[in-house]
Amino acid sequence: MKTVLASDALGRDFELAEAVAVNGREVPADLIYQEMQYQSADSPRQAVYRAARALVIGWLLREQAAGLGLCAADEDLHSAVFDRAVADLLKGKLVVIPPDATECRAYFEARRQKFCSDPLAEVRHILMPAAPDDADTRAKARAGAEALLEEIRADANPLQTFARLAGFHSACSSAGAGGSLGQVGRGDTVDAFERAVFAQGTGLVPSPVETPYGVHLIYVEQCEPGRPLEYTYVAERIRDYLLEKRRRQMTGDYLNRLVESAEITGLDLSGPRVH
């Protein structure tokens, strides 16, 4: 086989000096290069290593699954049949014991600050529309928004002025309601808009905010921060999280046992554990 450029498990670049093989079966270089499309990496060398690693582990799982009659010995590693076979294989090999109430409660008590309801805000906005790739229109929209912002700041009743200007200038359907979007929470708006809303308390957001829709002026009428949740509201979520964490750990342990018991040549899988 032609030498394949790669990197080892610790990120060091090297050339595969020999063909990659699993239990005496060579992994063709063409398959390694094809597998690269499924791997995210910082360099082509790293992508080759990760592709070869994925194939080696895939072949080991397929060998186990085929031995139990769960799939064909040459099943495509990217097929739904293979995915189901691996799921059935792991279900049979791993006995994942769910966390008990004591463990879940301890997790909650150690991380109480993480378990809060989402904040809510009563919001108005003025939208000056501009496509993301239209630099000229964006510049004009921002200039228009800055001018409106100065007018709002200068008024003794900025909220009233904001609502009035929204009716005249906003390209959003909320213009008829003085720019009111009602109550919004996490995930209800695009990221940049959401960050601006929840980055401060109530009042006028001090500068225009750009999103894929254009340039916005934002006024937060009311903002209710997230409130601490009682354990009973999050117990099931904690149990599911800890169960999945335990399942991932046991899966990683199983894969490492497969690697350790296999004869693998042409590829160094030492270093970080398989997961």
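Residues numbered from 1 in each chain as written. Predicted model: local features only at pLDDT ≥ 70, side-chain atom pairs only at ≥ 80, totals over all residues. Heavy atoms only, no water.

Draft legend 1. Representation of the sheet that holds strand 3 (residues 21-22) within the structure. Taking strand neighbours across the sheet as the criterion, the three strands line up as 4-3-10 in an open arrangement whose pairing is antiparallel. Each edge of the open sheet carries a strand with a single partner, namely strand 4 (25-26) and strand 10 (264-265). (Pairing = 2+ DSSP bridges. Helix = DSSP H or I, 4+ residues; strand = E, 2+ residues; numbered from the N terminus.)

Draft legend 2. The packing of helix 4 (residues 101-110) against helix 8 (residues 231-261), seen in detail. Across the interface, helix 4 lies against helix 8 with an axial gap of 9 Å and an inter-helix angle of 105°. By the angle between their directions, the pair helix 4 and helix 8 is classed as roughly perpendicular. Residues A101, E103, C104, R105, Y107 and F108 of helix 4 touch helix 8, and the partners they reach there are Y231, V234, I238, R239, Y241, L242 and R246. (Axes fitted to C-alpha atoms, helices over the stretch in contact; angles between N-to-C directions. Parallel < 35°, antiparallel > 145°, perpendicular 65-115°, else oblique. Contact = heavy atoms within 4.5 Å.)

Draft legend 3. Summary view of the side chain of E75. Along the chain, E75 falls in the loop between helix 2 (44-67) and helix 3 (80-93). It turns out E75 is buried and unbridged, and the closest side chain with the opposite charge, R62, is 7.7 Å from it. Once you skip the residues sitting within four places of it in the chain, E75 turns out to touch R62, V81 and F82. (Buried < 20%, exposed > 50% of the residue type's maximum accessible area, 1.4 Å probe, protein only. Lys, Arg positive; Asp, Glu negative; His and termini not counted. Salt bridge = Lys/Arg side-chain N within 4 Å of Asp/Glu carboxyl O.)

Draft legend 4. Up close: the environment of E194. Looking at where E194 falls in the secondary structure, it is placed in helix 7 (residues 191-198). Relative accessible area serves as the criterion here: at 14%, E194 is assigned to the buried category. Considering only alpha carbons, one finds E194 and Q34, 160 residues apart in sequence, at a separation of 40 Å. Discounting chain neighbours no more than four positions away, the residues touching E194 are G185, R186, G187, D188 and T189.

Draft legend 5. How the structure looks around the side chain of R124. Along the chain, R124 falls in strand 5 (residues 120-129). At 3.0 Å, the side chain of R124 forms a polar contact with the backbone oxygen of A177. Residues within four places of R124 in sequence aside, it is in contact with L159, F162, A163, A177, G178, G179, S180, L181, L217, I218, Y219 and E221. (Polar contact = N/O pair within 3.5 Å; in protein donor to acceptor, adjacent residues only side chain to side chain.)

Draft legend 6. Here's a closer look at the nonpolar core. In this structure, V27, I32, V56, L60, L61, Y254 and L267 are the most contacted members of the largest nonpolar core, which totals 29 residues. Of all elements in the fold, only helix 2, helix 3 and helix 8 reach the threshold of two or more residues within this core. I126, L149, A166 and L204 belong to the second largest nonpolar core, which has 15 residues in total. (Core = buried A, V, L, I, M, F, W, Y, C linked by side-chain atoms within 4.5 Å.)

Draft legend 7. Up close: the pattern of salt bridges. Enumeration according to the criterion identifies twelve salt bridges in this entry. For the salt bridge of R138 with E210, the shortest nitrogen-to-oxygen distance reads 3.0 Å. Remark: E210 occurs in strand 8 (residues 209-211) and R138 occurs in helix 5 (residues 135-154); sequence separation between them is 72 residues. Under the relative-accessibility criterion, E210 is labelled partly exposed at 37%. Between E244 and R247 there is a salt bridge; the shortest N-O distance is 2.9 Å. Separated by three residues within a single helix, E244 and R247 lie in helix 8, roughly one turn from each other. Each of the salt bridges in this network shares a partner with another, and the network as a whole consists of R105, E109 and R112.

Draft legend 8. Broad picture of helix 8. Over its 31 residues, helix 8 extends 43 Å from the first C-alpha to the last, a length consistent with the 45 Å expected when each residue adds 1.5 Å. The largest bend in helix 8 comes to about 25°, at R237. (Expected span 1.5 Å × (residues − 1). Bend = angle between axes of the 7 residues up to and from the residue.)

Draft legend 9. Geometry of the pairing of strand 5. Among the ten residues that make up strand 5, seven are buried, leaving the element largely enclosed by the rest of the structure. Bridge count between strand 5 and strand 6 (residues 180-185): five bridges; the pairing is antiparallel. Among the inter-strand pairings, V123 is bridged to a residue of strand 6, identified as G182. Across ten bridges, the pairing between strand 5 and strand 9 (residues 214-224) is antiparallel. Across the sheet, E122 pairs through a bridge with Q222, a residue of strand 9.

Draft legend 10. Structural view of the packing of aromatic side chains. A complete count under the given rule lists five aromatic pairs for this structure. Pairing Y107 with Y241 gives two aromatic rings, centres 5.6 Å apart and planes at 45°, and the pair type is tilted. Of this pair, Y107 sits in helix 4 while Y241 sits in helix 8, and the two are 134 residues apart along the sequence. Among the aromatic residues, those joined into a cluster by ring pairs are Y107, F108, F115, Y231 and Y241. Taking the ring centre of W59 as reference, the NZ or CZ of R25 above it sits at 4.6 Å. A cation sits over an aromatic face here: R105 above Y231, 4.1 Å from the ring centre. (Phe/Tyr/Trp six-rings, centres within 6.5 Å; stacked < 30°, edge-to-face > 60°. Lys NZ or Arg CZ within 6 Å of the ring centre and 35° of its normal.)

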